[in-house]
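Fold and contact review
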Amino acid sequence: MSKTWFITGTSRGFGRVWTEAALARGDKVAATARNTDSLKDLAERYGDALLPLALDVTDRAAAFAAVQEAHRHFGHLDVVVNNAGYGHSGFIEELTEQEVRAQLETNLFGALWVTQAAIPLLREQGSGHFLQVSSVGGVAAFPGLGAYHASKWGLEGFSDALAQEVAPFGVKVTLIEPGGYATDWGGDSASHSEPNPVYQPQRDAIAAHFSSVPQPGPEATVPAVFAAVDAAEPPLRLPLSGFAYEIVTDVYRQRLQAWKQWQAVSYSADGT
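Residues numbered from 1 in each chain as written. Predicted model: local features only at pLDDT ≥ 70, side-chain atom pairs only at ≥ 80, totals over all residues. Heavy atoms only, no water.

Our focus in this paragraph is the pairing of strand E1 (residues 4-7). Side chains Thr-4 and Phe-6 project from E1 onto one buried face, and the interleaved Trp-5 and Ile-7 project onto a second face that is buried too. Bridge count between E1 and strand E2 (residues 28-33): 4 bridges; the pairing is parallel. Following the sheet pairing, Trp-5 is matched in E2 by Val-29. Following the backbone out of E1, through helix H1 (residues 13-24) and into the adjacent parallel E2, one traces a crossover that is right-handed. Note that E1 and strand E4 (residues 79-82) share 3 bridges and pair parallel. (Buried < 20%, exposed > 50% of the residue type's maximum accessible area, 1.4 Å probe, protein only. Helix = DSSP H or I, 4+ residues; strand = E, 2+ residues; numbered from the N terminus. Pairing = 2+ DSSP bridges. Right-handed = clockwise from strand over helix to strand, strands pointing away.)

Shown next, in the form of structure tokens:
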């Protein structure tokens, strides 16, 4: 059975690839982007199956209006994908207030506004699936990406709560946690703080480490995303790529080890 998708950030990267793949398999897509000119070729190829919508997700009223327009146009929504976002690089000391607020406005609040707009629609129809595009950086953290991690850890937190809140209404939630892919995440889409030279040795070490990590094209994620949205019981969290899987599971192993080591101290805080 074909599905109807609402996908943010479709001008490039994952959003573009998933939009095209969904259309190619016979699904319908409401595709949002700040500038919908990038979707003209898909509109010509797929006609009425595609609804291009101009949207800046940081505008809450506009996010609500876009979701409502998509629902009116197609009659229902099956999959809501919060993909719009970007990466900001900067060590904590380097971050400006404006940079942090901008990162959170897009990656965290933008996803929250679209989610809030779609909840009553999916709840009332008794079905639907939120795909929240987090990151391996939504579980692990690396130096120089503190603002980005704050946005993705926030997304993980509210989405985990959301999954429990909407489960009684038949609505699913999956946090997609990609590793490194050959998208524009580290290119023109990224922003950077003014570098403090005291952190340059760490910056160089991080760049050298990640330069050896394979970065497959975003199209490699399509089968995994389809597997999640087509599953009767999709996972709450789904790392994408072996790189992401290994990092995420290693983070949890380290946390469990540390918690076990300090278990007695934790229990001592009961005061009994």
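What follows deals with the nonpolar core. Core analysis: the biggest nonpolar cluster contains 26 residues, and Phe-6, Val-67 and Phe-130 have the highest contact counts within it. Contributing elements (two or more residues each) for this core: strand E3 (50-54), helix H3 (60-74), helix H4 (97-125) and helix H5 (146-166). If one sorts the elements of this core by residue count, H4 sits on top with 6 residues. For Phe-6, the residues in contact, after removing those within four places along its chain, are Ala-30, Thr-32, Leu-53, Leu-55, Ala-66, Val-67, Ala-70, Leu-77, Val-79, Val-80, Val-81 and Val-114. By size, the runner-up hydrophobic cluster in this structure holds 25 residues, among which are Trp-18, Leu-39, Ile-176 and Val-225. (Core = buried A, V, L, I, M, F, W, Y, C linked by side-chain atoms within 4.5 Å. Contact = heavy atoms within 4.5 Å.)

The next point concerns the layout of surface pockets. Taken as a whole, the second largest pocket encloses approximately 210 Å³ of empty space. In terms of lining residues, the second largest pocket is bounded by 15 residues, among which Lys-3, Asp-78, Ser-127, Gly-128 and Val-229 are the most central. Per-class residue counts for the lining of the second largest pocket are 6 nonpolar, 6 polar and 3 charged. (1 Å grid on protein atoms, 1.4 Å probe; cavity = no way out; pocket = protein on both sides within 12 Å on 5 of 7 lines; lining within 4 Å. Points joined across faces, edges and corners; volume = space filled by probe spheres on them. Nonpolar A, V, L, I, M, F, W, Y, C, P; charged D, E, K, R; others polar.)

In this section: the sheet that holds strand E7 (residues 172-178). The 7 strands are arranged E3-E2-E1-E4-E6-E7-E9 in an open sheet whose pairing can be described as parallel. In this open sheet, the two edge strands, each paired with only one partner strand, are E3 and strand E9 (237-240). Each adjacent strand pair in this sheet contributes to an overall mean axis angle of 15°, direction not counted. The strands that H4 touches are E1, E4 and strand E6 (129-133); relative to E4, the one it contacts most, it runs at about 170°. (Axes fitted to C-alpha atoms, helices over the stretch in contact; angles between N-to-C directions.)

Since one α-helical turn is 3.6 residues long, residues separated by three or four positions face the same way. Taking 1.5 Å of rise per residue, 29 residues should cover 42 Å, and H4 covers 41 Å from first to last C-alpha, within 8% of that figure. Its axis deflected by about 40° at Glu-105, H4 carries its strongest bend there. (Expected span 1.5 Å × (residues − 1). Bend = angle between axes of the 7 residues up to and from the residue.)

The next subject is the packing of H1 against helix H7 (residues 222-230). As a packed pair, H1 and H7 sit with axes 10 Å apart at the nearest point and diverge in direction by 65°. Two packed elements cross with a definite hand, and for H1 against H7 that hand is right-handed. Within the contact between the two elements, H1 uses Val-17, Trp-18, Ala-21 and Ala-22 and H7 uses Val-222, Val-225 and Phe-226. When grouped by side-chain class, the residues that make up the contact of H1 with H7 number 7 nonpolar, no polar and no charged. (Left-handed = near helix turned anticlockwise from the far one by under 90°.)

Right, let's get into the environment of Ala-207. Along the polypeptide, Ala-207 turns up in helix H6 (residues 200-210). A relative accessible area of 48% means that Ala-207 is categorised as partly exposed. Sequence spacing of Ala-207 and Gly-242 is 35 residues, and the spatial spacing of their C-alpha atoms is 20 Å.

To continue, consider the pairing of E7. Regular strands show a simple pattern: their side chains alternate between the two faces of the sheet. Burial of E7 is extensive: 6 of the 7 residues sit out of reach of the surface. Relative to E7, E6 runs parallel, the two sharing 5 bridges. For Gln-132, the partnering residue across the bridge sits in E7 and is Leu-175. Regarding topology, H5 serves as the crossover connection from E6 to the parallel E7, and that connection is right-handed. Relative to E9, E7 is paired through 4 bridges, and the arrangement is parallel. Within E9, the position partnered with Ile-176 by the bridge is Leu-238.

On their own, these measurements won't tell you what the molecule is for.
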